[in-house]
Amino acid sequence: MSNEKQFETEAIRTQLERTGFLEHTSPIYLTSSFVFEDAEDMRASFAEEKERNIYSRFTNPNTSEFVDKICKMEGAEAGYAFATGMSAVFSTFAALLKSGDHIVSARSIFGSTHSLFTKYLPKWQITTSYFNSNEPETIESFITPNTKILYAESPTNPAIDVIDLEILGNIAKKHNLILIIDNCFATPYLQQPIKFGAHLVIHSATKLIDGQGRVLGGVTVGNANLIREIYLFSRNTGPALSPFNAWMLSKSLETLAVRVDKHCENAMKVAEFLENHPQVNWVKYPFLKSHPQYEVAKKQMKLGGNIVAFELKGGIEAGRKFLNAIKMCSLSANLGDTRTIVTHPASTTHHSLAEADRLIVNITDGLVRISVGLEHVDDIIQDLQQALI
Ligand SMILES: *Cc1c(COP(=O)(O)O)cnc(C)c1O
């Protein structure tokens, strides 16, 4: 009989071995280093003849508990935890690529990941080509003999396109590419990219994994050989997650399933409300039948997630007016919080892009993104309703 338990159980019952105090919750190990019994113990530890903690830049009991949980939730062999989502993204690429390598990436990706590909990796002669999220059939035309990595997020930010992970998995296999998926918007509860052929999965734990807007964190999990490269790179370069934040994130995972269920229930109601509002041109939510990739979303996601995108009639000016009229919801850069957050990308996060470039990634002037929180959904809808007049 398998020892594997259900997702919710692993999220709660994966924990460190109890100490002599028989504590119910894992303690926090705020220690920068660990001691050795004697010279032989120290030699064997550094030679990795035994698995043990040496220094918290390498491993720490709290970060290990957090990583073990995410591995179980994603069906991954191994992982490493980072101080932020972006340090997970950067360290993963820096550890696996060398000068001359090439990436094929979805065009709609997180802003800082886009900056990494366009501003920083080219300093080491690492280049990137982009495919449109809704045209995965074009991916193969971008692959060159130097292509090493195929990269995507799904659902995408902020336009909420859904990319068929099975197609990506098949292309990666055929061309011997490393498929990396940023699974931040879905969380391991809604979508497990490794099942579709991903080799590595990255999370910004800052979002729904913490879920309460408190701490930053990131994690990369997947194939053990690739994680070994990422671990060695990170152990030498220092992006490690703090034990305190790891403890917070591990506790947060205990409630991930119930929180995300409720987030999705609220988001679905908000999406349906907006779809019927006369001031709204269109709504994008993966589990609305009107979503262009509804069938793909149903195939690869358990529920639709907590992010709803919609287009206001009236463009940039209508977007600004709407934000100014919001009373309860927050205007903030975060997402995946208990608090509902409203953003208008064209006048904020993506204002530096020319309109034509925004349109390539489906960011129209009237696009509003809502990270639906856990307040009572009637109050969320009431706030949106009064701001839409
Ligand atoms: C926020 C985010 C990141 C970056 O995470 P940080 O924890 O803010 O560094 C990466 N990818 C996606 C999709 C995100 O939403």
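Whatever comes next refers back to the structure up there.
So, how was this worked out
- Residues numbered from 1 in each chain as written.
- Predicted model: local features only at pLDDT ≥ 70, side-chain atom pairs only at ≥ 80, totals over all residues.
- Heavy atoms only, no water.
- Helix = DSSP H or I, 4+ residues; strand = E, 2+ residues; numbered from the N terminus.
- Polar contact = N/O pair within 3.5 Å; in protein donor to acceptor, adjacent residues only side chain to side chain.
- Contact = heavy atoms within 4.5 Å.
- Axes fitted to C-alpha atoms, helices over the stretch in contact; angles between N-to-C directions.
- Left-handed = near helix turned anticlockwise from the far one by under 90°.
- Nonpolar A, V, L, I, M, F, W, Y, C, P; charged D, E, K, R; others polar.
- Core = buried A, V, L, I, M, F, W, Y, C linked by side-chain atoms within 4.5 Å.
- Buried < 20%, exposed > 50% of the residue type's maximum accessible area, 1.4 Å probe, protein only.
- Domains from an automatic or database assignment.
- Near = heavy atom within 4 Å.
- Pairing = 2+ DSSP bridges.
- Arc of directions from axis to C-beta.

This part covers the side chain of Asn53. Inspection of the secondary structure assignment puts Asn53 in the loop between helix H2 (39-46) and helix H3 (61-74). At a separation of 2.7 Å, a polar atom in the side chain of Asn53 contacts the side chain of Thr59. A distance of 3.5 Å separates the side chain of Asn53 from the backbone nitrogen of Asn60, its partner in a polar contact. For Asn53, the residues in contact, after removing those within four places along its chain, are Phe34, Thr59, Asn60 and Pro61.

A separate point is the packing of H3 against helix H9 (residues 243-253). The interhelical angle for the contact between H3 and H9, taken along N-to-C directions, is 35°, at an axis separation of 8 Å. The two elements H3 and H9 meet at a crossing, and its hand is left-handed. Facing H3, whose interface residues are Asn62, Thr63, Glu65, Phe66, Lys69, Ile70 and Met73, H9 presents Pro243, Ala246, Trp247, Leu249, Ser250 and Leu253. Looking at the contact of H3 with H9, its residues break down into eight nonpolar, three polar and two charged.

Right, let's get into the nonpolar core. A general feature of soluble globular proteins is that nonpolar side chains tend to end up buried together. Ranked by size, the top nonpolar core spans 59 residues in total, and within it Phe66, Val270, Leu274, Phe310 and Phe322 carry the most contacts. Top contributing element to this core by residue count: helix H10 (residues 256-275), with nine residues. Residues from two domains meet in this core; each of domain 1 (7-253) and domain 2 (256-387) gives at least three. Here Phe310 is in contact with Leu274, Val280, Trp282, Val283, Phe322, Gly366, Leu367, Val368, Ile370 and Leu388, once residues within four sequence places are set aside. Phe58, Ile103, Ile139 and Leu179 belong to the second largest nonpolar core, which has 45 residues in total.

A word on the site of the ligand. Looking at the ligand, the residues that line it are Thr84, Gly85, Met86, Phe110, Glu153, Asp182, Cys184, Phe185, Ser204, Thr206, Lys207 and Gly217. Contacts to the ligand include Met86, whose backbone N or O atom sits 2.8 Å from an oxygen atom. Contacts to the ligand include Thr206, whose side-chain N or O atom sits 2.6 Å from an oxygen atom. Broken down by class, the residue content of the shell around the ligand amounts to four nonpolar, five polar and three charged.

This part covers the sheet that holds strand E3 (residues 127-131). Taken in spatial order, the seven strands line up as E1-E7-E6-E5-E4-E2-E3 in an open sheet, and their pairing is mixed. With one partner strand each, in any of the chains shown, strand E1 (78-82) and E3 form the two edges of the open sheet. Ignoring which end each strand starts from, the neighbouring axes of this sheet average 20° apart. Judged from the five bridges that link them, strand E2 (residues 102-106) and E3 form a sheet pairing that is parallel. The partner of Val104 across the bridge, within E3, is Ser129. Here helix H5 (residues 111-120) sits on the sheet and contacts E2, E3 and strand E4 (147-153); the angle it forms with E3, its principal contact strand, is near 130°.

Burial in H2 covers these residues: Asp41, Ala44 and Ser45. The arc enclosing the buried residues of H2, seen along the axis, measures out at 100°, which places them on a common side. Taking the backbone nitrogen of Glu40 as reference, a side-chain oxygen 3.2 Å away marks Asp38 as the first, capping residue of H2.

Treat this as a map of the structure, not an account of what it does.
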